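One-letter residues, chain by chain:
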Amino acid sequence: MVQSIGLKKINTAVFISGTGSNLKSLIQFSKKKNSPISIELIISDNSKAKGLKYGKIFKISSKPFNYKNKLIVEKKIISEIKNKKIKLICLAGFMRILSKNFIKSFKGKILNIHPSLLPKYKGLQTHERVISNGEKYSGCTVHFVSPRLDSGKIILQKKVKISKNETNKSLKKKILIEEHKLYPKAISKIFNL
Ligand code: GRF
């Protein structure tokens, strides 16, 4: 049997709060032979996050945390990350803002996906704002996380055209399809693959 050679996959954690469709696409990507990542940990700020089911399905260690005190929770998260020798963190619909110290201690190792063409439409309710401003295009962005919200260095973006009768729901759906392709591409890009 020919064994795969060379590529040692990078232990990766995915942080979620909700549905986890990006988590699912990242897990599928990680299973590919040429993927640079292996997802070893799922962190959630919400024990009811639907996406936690992917931890069960794909047998990945999943840790929901009660986010009452950010500093205490972050300490616990850091200890999980160290245990699993995590070298890359992918935020995928994670609705908490990480502390500056947390971000600094993983500098250049935290990525995020945002459903707009950054630097436009940082923050929440992006689709609603894009539509009410009559934009012709929107899209999604994968970027490094820096202490300023949605402002880190951009890795990749994908543009989508807004149709005449676009609704928040249809735009969200259209952009999510692109997000599922863009996140894996951006990860390959940072590993020069
Ligand atoms: C995505 O639109 C992502 O860009 C944003 O939150 C949403 C998460 O969706 N940050 P899902 O949980 O991955 O389905």
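Higher on the page you've got the structure.
Note that the structure is predicted; figures quoted are calculated from it, not measured. (Residues numbered from 1 in each chain as written. Predicted model: local features only at pLDDT ≥ 70, side-chain atom pairs only at ≥ 80, totals over all residues. Heavy atoms only, no water.)

**Let's talk about the site of the ligand**
Here comes step 1: Taken together, Thr19, Gly20, Ser21, Asn22, Gly93, Ile113, His114, Pro115, Leu176 and Glu179 make up the full set of residues near the ligand.
Here comes step 2: For the ligand, an oxygen atom lies 2.5 Å from a polar atom in the side chain of Ser21.
Here comes step 3: One of the side-chain nitrogen or oxygen atoms of Glu179 is found 2.8 Å away from an oxygen atom of the ligand.
Here comes step 4: When isolated, the ligand has an accessible area of 370 Å², and the protein chains bury 84% of it.
Here comes step 5: Per-class residue counts for the shell around the ligand are three nonpolar, six polar and one charged. (Near = heavy atom within 4 Å. Polar contact = N/O pair within 3.5 Å; in protein donor to acceptor, adjacent residues only side chain to side chain. Areas by Shrake-Rupley, 256 points an atom, 1.4 Å probe, with all protein chains shown as cover. Nonpolar A, V, L, I, M, F, W, Y, C, P; charged D, E, K, R; others polar.)

**With respect to the packing of helix H1 (residues 21–30) against helix H6 (residues 168–190)**
Here comes step 1: At a minimum axis separation of 9 Å, H1 and H6 run at an interaxial angle of 45°. When the interaxial angle is binned, H1 and H6 end up oblique. The handedness of the crossing between H1 and H6 is right-handed. Together, Ser21, Asn22, Ser25, Leu26 and Phe29 of H1 and Leu176, Glu179, His180, Tyr183, Pro184, Ile187 and Ser188 of H6 make up the contact between the two elements.
Here comes step 2: Residue composition of the contact of H1 with H6, by class: six nonpolar, five polar and one charged. (Axes fitted to C-alpha atoms, helices over the stretch in contact; angles between N-to-C directions. Helix = DSSP H or I, 4+ residues; strand = E, 2+ residues; numbered from the N terminus. Parallel < 35°, antiparallel > 145°, perpendicular 65-115°, else oblique. Left-handed = near helix turned anticlockwise from the far one by under 90°. Contact = heavy atoms within 4.5 Å.)

**Overview of the packing of aromatic side chains**
Here comes step 1: Taken as a whole, this structure holds four aromatic pairs when the rule is applied.
Here comes step 2: With a centroid separation of 5.2 Å and 75° between ring planes, the pair formed by Phe15 and Phe94 is classed as edge-to-face. Taken as a pair, Phe15 in strand E1 (residues 10–16) and Phe94 in the loop between strand E4 (88–91) and helix H4 (100–105) lie far apart in primary sequence, 79 residues in all.
Here comes step 3: By relative accessible area, which is 0% here, Phe15 ends up buried.
Here comes step 4: Centre to centre, the rings of Tyr67 and Phe94 are 6.1 Å apart; their planes meet at 70°, and the pair counts as edge-to-face. A residue pair is termed long-range when its members are at least 10 positions apart, and Tyr67 in the loop between strand E3 (61–64) and helix H3 (70–83) and Phe94 in the loop between E4 and H4 qualify at 27 residues. Here the two residues Tyr67 and Phe94 agree in accessibility, since each one is buried.
Here comes step 5: Aromatic ring contacts, followed pair by pair, group Phe15, Tyr67, Phe94, Phe102 and Phe106 into a single cluster.
Here comes step 6: In this structure, Lys159 is placed above the aromatic ring of Tyr137, and the distance from its NZ or CZ to the ring centre is 4.4 Å. (Phe/Tyr/Trp six-rings, centres within 6.5 Å; stacked < 30°, edge-to-face > 60°. Buried < 20%, exposed > 50% of the residue type's maximum accessible area, 1.4 Å probe, protein only. Lys NZ or Arg CZ within 6 Å of the ring centre and 35° of its normal.)

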